[in-house]
Amino acid sequence: MVINGFGGPEVLVPAELPLPEPGADEVRIRVQAIAVARTKDVAARAGRPPFAPMITAFPHVLGTEHAGVVDAVGSAVGDLAPGTRVAVSAVLSCGKCRGCVIGHEEACETFGLIGVHRQGSYAEYVVAPAGNVHRLPDDVDAASAAAVAANGPVARAQLDAGLVGEGSTVLVIGAGGALGSMAATMAAWRGARVIGVDRLADRPDRLDGLPLAASVDGDAEQLPQLIASAAGSSGLDCVIDNLGLPAVWTAYRPAVAYLGRIVVSGAISHDALPMQLLPFYLRSQSLIGVRTGNRAQMAAVWRDVHEGFRPPRDHVRRLPFADVSIAHAQVEAGAAHGQMVLEMS
């Protein structure tokens, strides 16, 4: 599926393109499942920043994180054989700049993405650097693997930044979304007590199936009191906030504990947030931005998977690849919870 220009979901059209050939340090994947990302796919297709301006030639193939089977390997790839089931990260880094040298590829000066800076995975075959490829346990299906590839490294980076572990109390804003549900599930897997916030009035099932100690309707009039009650007397050790909504920010700020950390990896609102510095520094709190996971965190996520971590099955939403326009429309309208995944027949 390609786009020949920016626009609505209808600009996604089928096309025949040459079979991509892997370079020396690359592998070719026969794609089985592709995660649909709100920003990297849907907003880019619509022509919106931050990624649309980086798409400079058409026809363009969208599609970032995905899973499938190794089909061919380059001459310098010695540890991946055709037939290996894998998941693929979309992050492209130079390996030479300051960020890469210190192990923070997410801060690479030439940061790029499969599906944005090069042709992506909305296709039967895609080429990716061998370092982006991770083997799968036999019992992890391709759709679940694509969901983990899309959100697992970011969620792990968020939880690492928030020092989330056994006994932590964590508030996840937008817990029914693709990244939120992954972060909530991973926090619980680490032994944290997790409180989920989402808009539940129209979709009371958005948080069903998540390992939550409490759930809160983000539209409730008494949101500050509900969050404070769920947090308890010790307060919130960590807040994962990928929405940046001023009303929600104002509601949870009083419940953040001493030494509490607020971790941000997205902002659907561009409105300024009210910040009072006095209580912030008196309580030794931190506000941390996390762009995505680096290679060490990506590798750690797949170790977690091999040790038993799994995304909630009900939060991996599956559609046939032919319905890519429908998937985009649902994600754009906010009609889907969890991670939307396209499955190849």
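Parameters at a glance
Residues numbered from 1 in each chain as written. Predicted model: local features only at pLDDT ≥ 70, side-chain atom pairs only at ≥ 80, totals over all residues. Heavy atoms only, no water. Patch = residues over 30% accessible without salt bridge, like charges linked within 9 Å, V, L, I, M, F, W, Y side chains within 5 Å. Areas by Shrake-Rupley, 256 points an atom, 1.4 Å probe, with all protein chains shown as cover. Salt bridge = Lys/Arg side-chain N within 4 Å of Asp/Glu carboxyl O. Helix = DSSP H or I, 4+ residues; strand = E, 2+ residues; numbered from the N terminus. Buried < 20%, exposed > 50% of the residue type's maximum accessible area, 1.4 Å probe, protein only. Pairing = 2+ DSSP bridges. Right-handed = clockwise from strand over helix to strand, strands pointing away. 1 Å grid on protein atoms, 1.4 Å probe; cavity = no way out; pocket = protein on both sides within 12 Å on 5 of 7 lines; lining within 4 Å. Points joined across faces, edges and corners; volume = space filled by probe spheres on them. Nonpolar A, V, L, I, M, F, W, Y, C, P; charged D, E, K, R; others polar. Phe/Tyr/Trp six-rings, centres within 6.5 Å; stacked < 30°, edge-to-face > 60°. Lys NZ or Arg CZ within 6 Å of the ring centre and 35° of its normal. Axes fitted to C-alpha atoms, helices over the stretch in contact; angles between N-to-C directions. Contact = heavy atoms within 4.5 Å. Expected span 1.5 Å × (residues − 1).

This next bit is on a nonpolar patch on the surface. Side chains of Met275, Leu277, Leu278, Tyr281, Leu282 and Leu287 sit close together on the surface and give an oily, nonpolar patch of about 620 Å² of accessible area. For the nonpolar patch, the element with the most residues is helix H7 (residues 277-282), which contributes 4 residues. Within the element layout of this structure, methionine 275 appears in the loop between strand S14 (256-264) and H7. Given a relative accessible area of 34%, methionine 275 falls into the partly exposed group.

We now examine the pairing of strand S10 (residues 169-173). S10 sits mainly inside the fold: 5 of its 5 residues count as buried. Bridge analysis of S10 against strand S11 (residues 193-198) gives 5 bridges, and the strand direction is parallel. Its bridge partner lying in S11, threonine 169 is registered against arginine 193. The handedness of the S10 to S11 crossover, carried by helix H4 (residues 178-189), is right-handed.

Another point: the layout of surface pockets. The space that makes up the second largest pocket amounts to roughly 570 Å³. In terms of residues, the lining of the second largest pocket owes the most to one element, strand S8 (residues 125-129), which gives 3 residues. For the lining of the second largest pocket, the class distribution of residues is 16 nonpolar, 2 polar and 3 charged.

Our focus in this paragraph is the pattern of salt bridges. Summed over all chains, the structure comprises 16 salt bridges. Across the pair aspartate 160 and arginine 156 runs a salt bridge, and its minimum N-O distance is 3.4 Å. With a gap of 4 residues between them, aspartate 160 and arginine 156 both fall in helix H3 (residues 142-161), about one helical turn apart. Ionic pairing is found between arginine 156 and aspartate 304, a salt bridge with its closest N-O pair at 2.9 Å. Remark: aspartate 304 occurs in helix H8 (residues 295-306) and arginine 156 occurs in helix H3; sequence separation between them is 148 residues. Under the relative-accessibility criterion, arginine 156 is labelled buried at 17%.

This brings us to the packing of aromatic side chains. Within the structure shown, the criterion is met by 4 aromatic pairs. Cation over ring: arginine 28 sits above tyrosine 125, and NZ or CZ is 5.9 Å from the ring centre. Over the ring of tryptophan 249 we find arginine 253, and its NZ or CZ is 5.6 Å from the ring centre.

Following the criterion strictly, the structure yields 1 cavity of 30 Å³ or more and no others. Space inside the largest cavity adds up to approximately 30 Å³. As for the largest cavity, its lining consists of Ala178, Ser181, Met182, Pro311, Pro312, His315, Val316 and Gln339. The class makeup of the residues in the lining of the largest cavity is 5 nonpolar, 3 polar and no charged.

Okay, the sheet that holds S14 next. If you trace the 6 strands from one edge of the open sheet to the other, you get S12-S11-S10-S13-S14-S15, paired in parallel fashion. Edge positions in the sheet fall to strand S12 (214-217) and strand S15 (286-289), since each has one partner strand and no second. Each strand axis lies, on average, 20° off the axis of its neighbour in the sheet, ignoring direction. Strand contacts of H3: strand S13 (236-241), S14 and S15, with the helix running at about 155° to S14, the strand carrying the most contacts.

A few words now on H4. Along an α-helix, a turn takes 3.6 residues, which lines up residues three or four apart on a common side. Along its 12 residues, H4 runs 17 Å from first to last C-alpha, staying within 8% of the 16 Å computed at 1.5 Å per residue. Across the 12 residues of H4, 9 count as buried, placing the element largely inside the fold. At its buried positions, H4 is contacted by H3, S10 and S11. Looking one or two places after H4, you find glycine 191, whose phi comes out positive at around 105°.

Our next topic: unusual backbone geometry. Comment: phi is negative for the bulk of residues other than glycine, and the bulk of peptide bonds are trans. Cis geometry marks the peptide bond from proline 49 to proline 50; its omega dihedral reads 10°. By secondary structure assignment, the location of proline 50 is in the loop between helix H1 (38-46) and strand S4 (66-73). For the bond from phenylalanine 58 to proline 59, the omega torsion is 0°, close enough to zero to count as cis. With respect to the secondary-structure elements, proline 59 resides in the loop between H1 and S4. Residue leucine 163 is not a glycine yet carries a positive backbone phi of 55°. Structurally, leucine 163 can be placed in the loop between H3 and S10. The exposure class assigned to leucine 163 is exposed, which follows from its relative accessible area of 59%. Here leucine 259, not a glycine, exhibits a phi torsion of approximately 65°, which is positive. Within the fold, leucine 259 resides in strand S14. Residue leucine 259 is classed as exposed on the basis of its relative accessible area, which comes to 63%.

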